[in-house]
Amino acid sequence: MDFEFSPEQLAYRAEVEQFLDEHDDPDVFDVTRENMAQIVDTPKRRAFMKELGHKGWLGMTWPKEYGGSEGEGVYEYLLNEALAGRGGPQIGKGVGIIGKTLIAHGNDFLKQNFLPMILENDVEFAVGYSEPNAGSDAASMKLKAVRHEQDGKTGWLLNGQKTWTTSAHFAEWYWLGTRTDPDNKHMGITLMLVPLDQPGVTIRGIWTMGDERTNEVFIDEVFVPDEYVVGEVNKGFQYISQALDLERFTMFTYSPIQQRLDVLLDYVKTATRDGRPLRDDPVIRQQIAQLCTQAEVARVMGLKVVDETVKSEHDRSIPPPTIASSKYKLFTTEYSRRLANASMDIGAPGTQLRVRTEDAPMEGRAESTYRYTVIDTIGGGASEIQKNIIARRGLGLPKNF
Ligand SMILES: Cc1cc2nc3c(=O)[nH]c(=O)nc-3n(C[C@H](O)[C@H](O)[C@H](O)COP(=O)(O)OP(=O)(O)OC[C@H]3O[C@@H](n4cnc5c(N)ncnc54)[C@H](O)[C@@H]3O)c2cc1C
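Residues numbered from 1 in each chain as written. Predicted model: local features only at pLDDT ≥ 70, side-chain atom pairs only at ≥ 80, totals over all residues. Heavy atoms only, no water.

### Description of the overall build of the protein
Going by this rule: Each helix is a run of DSSP H or I of at least 4 residues and each strand a run of E of at least 2, with the numbering of both proceeding from the N terminus. Computation of the radius of gyration draws on C-alpha atoms alone. For the globule rule, the value is 2.2 Å times the number of residues to the power 0.38. The buried label goes to any residue with under 20% of its type's maximum accessible area, the exposed label to any with over 50%, and the partly exposed label to all in between, with areas taken from a 1.4 Å probe on protein chains only. In what follows, residue pairs with any heavy atoms lying within 4.5 Å of each other are defined as contacts. A 1.4 Å probe and the Shrake-Rupley method give the accessible areas. Residues count as covered only by the protein chains that appear here. As used throughout, the charge tally considers Lys and Arg to be positive and Asp and Glu to be negative, leaving His and the chain termini uncounted. Throughout, a charge is located at the NZ atom of Lys, the CZ atom of Arg, the CG atom of Asp or the CD atom of Glu.
Across its full length, the protein carries 11 helices and 10 strands. Relative to the compact-globule value of 21 Å for 401 residues, the protein shows a C-alpha radius of gyration of 22 Å, a close match. Considered along the principal axes of its C-alpha atoms, the protein spans approximately 80 × 50 × 45 Å. Out of the 401 residues in the protein, the part that is buried amounts to 50%. In the protein, the proportion of contacts linking residues at least 24 apart, taken out of those at least 6 apart, comes to 68%. Approximately 19,000 Å² of the protein is accessible, and the part contributed by carbon and sulfur atoms is 52%. Side chains of the protein carry 45 positive and 59 negative charges; the gap between the two charge centres is 5 Å.

### Observations concerning the pattern of salt bridges
Note the following rule: By definition here, a salt bridge exists when the distance from a side-chain nitrogen of Lys or Arg to a carboxyl oxygen of Asp or Glu is within 4 Å.
Evaluated as defined, the whole model comprises 27 salt bridges. Asp 27 is the salt-bridge partner of Lys 44, the closest N and O atoms lying 3.2 Å from each other. Placement of Lys 44 in helix α2 (residues 43-54) and of Asp 27 in the loop between α1 (7-22) and α2 is noted, with a sequence separation of 17 residues between them. In this structure Asp 27 comes out as partly exposed when scored by relative accessible area, which is 48%. Via salt bridges that share partners, Arg 33, Asp 41, Arg 45 and Glu 212 belong to a single interconnected network.

### Examining the packing of aromatic side chains
Short version of the rule: Pairing of aromatic side chains here covers Phe, Tyr and the six-membered ring of Trp, requires ring centres within 6.5 Å, and sorts the geometry by plane angle: under 30 degrees stacked, over 60 edge-to-face, intermediate tilted. The criterion for a charge sitting over a ring is simple: Lys NZ or Arg CZ within 6 Å of the ring centre, and within 35 degrees of the ring normal.
Evaluated as defined, the whole model comprises 10 aromatic pairs. Taking the centre distance of 5.6 Å and the plane angle of 15 degrees together, the rings of Trp 173 and Tyr 228 count as stacked. Within this pair, whereas Trp 173 is found in strand β4 (residues 173-179), its partner Tyr 228 is found in the loop between β7 (213-225) and β8 (229-230), the two being separated by 55 residues in sequence. Trp 173 gets classed as buried once you look at its relative accessible area, which sits at 16%. Clustering of aromatic rings is evident, with ring pairs tying together Tyr 12, Phe 19, Phe 29, Phe 48, Trp 57 and Tyr 75. Of note, Arg 338 hangs over the ring of Phe 331, and the distance from its end group to the ring centre comes to 5.6 Å.

### Quick look at the site of the ligand
Formally: Throughout, the term near means that a residue has one or more heavy atoms lying within 4 Å of the molecule or strand in question. Definition of a polar contact: a pair of N or O atoms within 3.5 Å, with one able to donate and the other able to accept a hydrogen when the atoms are protein atoms, and with sequence-neighbouring residues admitted only if both atoms are side-chain atoms. Gly falls in the polar group here, along with every residue not listed as nonpolar (Ala, Val, Leu, Ile, Met, Phe, Trp, Tyr, Cys, Pro) or charged (Asp, Glu, Lys, Arg).
Around the ligand there are 16 residues in total, and Val 127, Ser 130, Ser 136, Trp 164 and Glu 384 lie nearest to it. Tyr 129 is positioned such that a nitrogen or oxygen atom in its backbone is 2.9 Å from an oxygen atom of the ligand. Trp 164 is positioned such that a nitrogen or oxygen atom in its backbone is 2.8 Å from a nitrogen atom of the ligand. If the ligand stood free it would expose 970 Å²; the protein chains cover 64% of that surface. For the shell around the ligand, the element with the highest residue contribution is helix α11 (residues 383-394), accounting for 3 residues. Looking at side-chain class alone, the shell around the ligand contains 8 nonpolar, 7 polar and 1 charged residues.

### With respect to the environment of Ile 390
Note on placement: Ile 390 falls in helix α11. In the structure, Ile 390 is positioned 308 residues away from Ala 82 in sequence and 29 Å away in space, judged by C-alpha atoms. For Ile 390, the residues in contact, after removing those within four places along its chain, are Ser 326, Lys 327, Leu 330 and Leu 395.

Okay, structure coming up:
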C-alpha cells in the first residue's frame, strides 16, 4: 500500500486549504461543534457549500453525465478532512448517501430533479431510518406504507414515527425508510423521498448533551407518489446498507482527532501542577505516547479505507471496503472517547469548565469533546455492531443469536 499522496492530490489539498483561508468565517467554521460541525444547518453554511459546488467540488466522484468529474474518492477524502479540521460543514449526506444512491438506483425523474440541486447545494436532506424500536437493527423499521391513490396519482400512504432524525428541523427533504411488506423483514423496506414541510409531518426537537438538536418525526397520512420511490420497492434495505458503508467512513473524519490531540499536547508542554511541569510526569508522558501512537493507527486505518475505495472504483469486481470501514469507525470513535477522557483527567478539575471559558485548560475543549464524542460510538452503527460486522463478515465467525 502506498501511503503517499500524488503531486496532483497534494496540489488539490493546497488549493482547498487556500480556499478555506480565503473563506475563514467563525459562523461557518467552529471546531467546538466537534463532529456535528459537519451538518449544513445555517444560511451562511449553506452559502459556503454552494461556493464549493461552484468550484466543482461537490460532484467530484460522480459520473460526468450527472454533472460530476469522475475523480477518485481520494479527492473527497482530502476535501472532507480539510473541512473537518477547521470545524466546517462537510460533504457526505447529499453528495454521498443520497446522490450516490440515486445515481445507482434512482429513476430518471429523481435523478433529473435532485442531482442538479445537490451539485448546487440547493437542498438539505434528513435521513430517517431509526425508529423507537429500530436502531441497531434498522431492518426492524415499521413506518407503515400502504398502496394508495390520490388526485389521480398512484403511490403510498405513510403512517408512523421516526426518532433521532438529525437535520429534520431545517432540511427540505426526508430520505425515508418505510415498511412496504410487513412479512419480509429485510426485503420489505422501501426508500422514499418526502418533503418535510407539509401537513402530516410533525417534528419535535430532542436536545443532546452535545448541545446539538436531533428530532423525533411523526408521519400522519402522508401521501408519496410513485415517482418519489427510490429504486425498486422492497429493496430499500440493500440500498441503506450500501450507503452505510460510506457513512461510516465519511462521517468520522480523522483531522478533528489530530486537532484535539494537538490541543492536549500544547497543554501538556506548558502546564504545571504543584509547581512541576506536567511534561516531566512519567505517567503523563506514557499516556501521551500511547495516545499519539493510537492516533497514528487511526490515521493509517483511514488511508487504508481510501486506498481500498479507490481500488474498488477502478475495478468493480473488488468489493467496497465494508470491513475496513467498520474497523476504522470502531477504532477511531472509541479512540476519540479515550482521548476525551484523557484530556479531562490530565487537565484536572479545570476541564469541567465549559468550552470557551476564559482561563479554562485547553480553552474548555476537553469538556466539549467529552460531551460530543459520546454520539460517535453510537451513530452510523454502534461499536458493538461494528464488532459484529468484523467478526461475521470479516472473520467468518458464525452468527451467535
Ligand atoms: C445524536 C444522534 C443523532 C442521530 N441521527 C440519526 C439520523 O439522522 N438518522 C437516523 O436514522 N438515526 C440517527 N441516529 C440513531 C442512531 O443510528 C441509533 O441511535 C443507533 O443506530 C443505535 O440504535 P438505538 O439507539 O436504537 O440503540 P439500540 O439498537 O437499542 O442499542 C442499544 C445498545 O445495545 C447494543 N446492541 C444492539 N444490538 C446489538 C447486537 N446485535 N449485538 C451486540 N450489541 C447490540 C448497541 O450497541 C447499544 O449499545 C442518531 C442517534 C443519536 C444519538
